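Residue-level structural notes
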Amino acid sequence: MKKTVIGMCMLFCVSIMPATSFAGVDFILDIKPGSLLISPDVDGFKVENSSYYYSHSETIEGSGSWMPTIKLGIGFDTPPLYIDFTGGFGHLWNSAFNANMFLGDVAVRFKLNRVVTLGPHISVVRFDPTWEGDSYTDSDDVKLSGCTGFMPGLCLTIGGKIISFSFSLDYLDASFDVKTYNGWRANEDAIDISGFSLNLGALLRF
C-alpha cells in the first residue's frame, strides 16, 4: 500500500513537470504550530514491574499528541497550480514519550480561485523517540526504536500568495518498537502512533 501511494504521487508529479517550464520559483516557509495527532492504539499501552514486595505500573491514558512542524523549501508557481518541495523538522510529545521529527514533503495545490488552493501532499517522516514515563520509569527502563513513517493528506490554503492560512488533514502511518529493562514489562511490543492529524498554521511564499 505504501509503495502504491508513493508511486502514484511520483507519477503525478512527473506528469505535470512540463508545466514548470513556464513557472516562477518561490522560496517557501511552512509553519504549523497547531498540530494535533490522534493515535487510537496508543491509549492503554502499559508497563509494569512487580515482585513479592512491590508492584508498580504506568499506563498511557488518552490518544492525543502535539506535533508542531516547520519546513523550508522551493515551489513552482504555474498558472493552474503550485508544486512545492519542502523539508524541515518538528517535535511530537505527550505525557509518556516524545520524539524529534525530520520531514520531507511534496505538495500539489490547485488554484481554485485567487485566494483558495487545495490539493494532495505526502510527507516522509523520521522519528527519534524517547520514553519519558511518570514517577517510576524513565528512558533507561523503556527504550523506543526510531522509525520512518508516511503521512499523506489533503492541504488547503486561504489568503494571498505571499502569506496565507494553511490547513491539512493527514493520516500518519508509523510505530515504535518497545524494549524494556530493569525488570519492567510491556503489554505490547510496539507503540502504534498511526492516526489522523489536524495541522493549522501559515504558509509564506517569497
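This write-up is about the structure you can find in this document.

Reading guide: rules and limits
- Residues numbered from 1 in each chain as written.
- Predicted model: local features only at pLDDT ≥ 70, side-chain atom pairs only at ≥ 80, totals over all residues.
- Heavy atoms only, no water.
- Pairing = 2+ DSSP bridges.
- Helix = DSSP H or I, 4+ residues; strand = E, 2+ residues; numbered from the N terminus.
- Axes fitted to C-alpha atoms, helices over the stretch in contact; angles between N-to-C directions.
- Phe/Tyr/Trp six-rings, centres within 6.5 Å; stacked < 30°, edge-to-face > 60°.
- Patch = residues over 30% accessible without salt bridge, like charges linked within 9 Å, V, L, I, M, F, W, Y side chains within 5 Å.
- Areas by Shrake-Rupley, 256 points an atom, 1.4 Å probe, with all protein chains shown as cover.
- Salt bridge = Lys/Arg side-chain N within 4 Å of Asp/Glu carboxyl O.
- Lys, Arg positive; Asp, Glu negative; His and termini not counted.
- Charge placed at Lys NZ, Arg CZ, Asp CG, Glu CD.
- Buried < 20%, exposed > 50% of the residue type's maximum accessible area, 1.4 Å probe, protein only.
- Polar contact = N/O pair within 3.5 Å; in protein donor to acceptor, adjacent residues only side chain to side chain.
- Contact = heavy atoms within 4.5 Å.

Some remarks on the sheet that holds strand S12 (residues 175-180)
One open sheet holds the three strands; their spatial order is S9-S12-S14, and the pairing between them is antiparallel. Each edge of the open sheet carries a strand with a single partner, namely strand S9 (142-144) and strand S14 (190-192). Within this sheet the neighbouring strands show an average axis-to-axis angle of 30°, counted without direction. Summarising the sheet, S12 and S14 pair through three bridges and their orientation is antiparallel. Opposite Phe176, over in S14, you have Ile191 as the bridge partner.

Quick word on the sheet that holds strand S3 (residues 55-59)
Pairing in this open sheet of three strands is antiparallel, and the strands run S3-S2-S13 from one edge to the other. Each of the sheet's edge strands pairs with one partner strand only, and the pair in question is S3 and strand S13 (185-186). Where strand S2 (residues 46-50) meets S3, five bridges bridge the pair, whose relative direction is antiparallel. Each residue of the ladder has a partner; that of Glu48, found in S3, is Ser57.

Notes on the packing of aromatic side chains
Per the counting criterion, the structure on display carries six aromatic pairs. Judged by centre distance (6.3 Å) and plane angle (80°), the ring pair of Phe76 and Phe85 falls under edge-to-face.

Some points on a negative patch on the surface
A grouping of Asp41, Asp177, Glu188 and Asp189 is seen on the molecular surface, where their side chains present a negatively charged patch. Secondary-structure assignment places Asp189 in the loop between S13 and S14. Overall, the relative accessible area of 63% leaves Asp189 in the exposed class.

Digging into unusual backbone geometry
The phi dihedral of Asn182 falls on the positive side, at around 60°, and the residue is not glycine. As for its placement among the helices and strands, Asn182 is situated in the loop between S12 and S13. Asn182 sits in the exposed class, given a relative accessible area of 55%.

Thoughts on the pairing of strand S5 (residues 69-77)
Direction of pairing for strand S1 (residues 24-38) relative to S5: antiparallel, over a ladder of nine bridges. Residue Gly24 lies in a different strand from S5, and its bridge partner there is Asp77. Between S5 and strand S6 (residues 81-93), which pair antiparallel in sequence order, lie three residues.

A few points about the side chain of Asn49
With respect to the element layout, Asn49 can be found in strand S2. A distance of 3.1 Å separates a polar atom in the side chain of Asn49 from the backbone oxygen of Asn182. The contacts of Asn49, once residues within four sequence positions are left out, are Tyr54, Ser55, His56, Asn182, Gly183 and Trp184.

Considering the pattern of salt bridges
Within this structure, the stated rule accounts for 10 salt bridges. Linking Lys71 and Asp30 is a salt bridge whose minimum nitrogen-to-oxygen distance equals 3.6 Å. One end of the pair, Lys71, is in strand S5; the other, Asp30, is in strand S1, with 41 residues separating them in the sequence.

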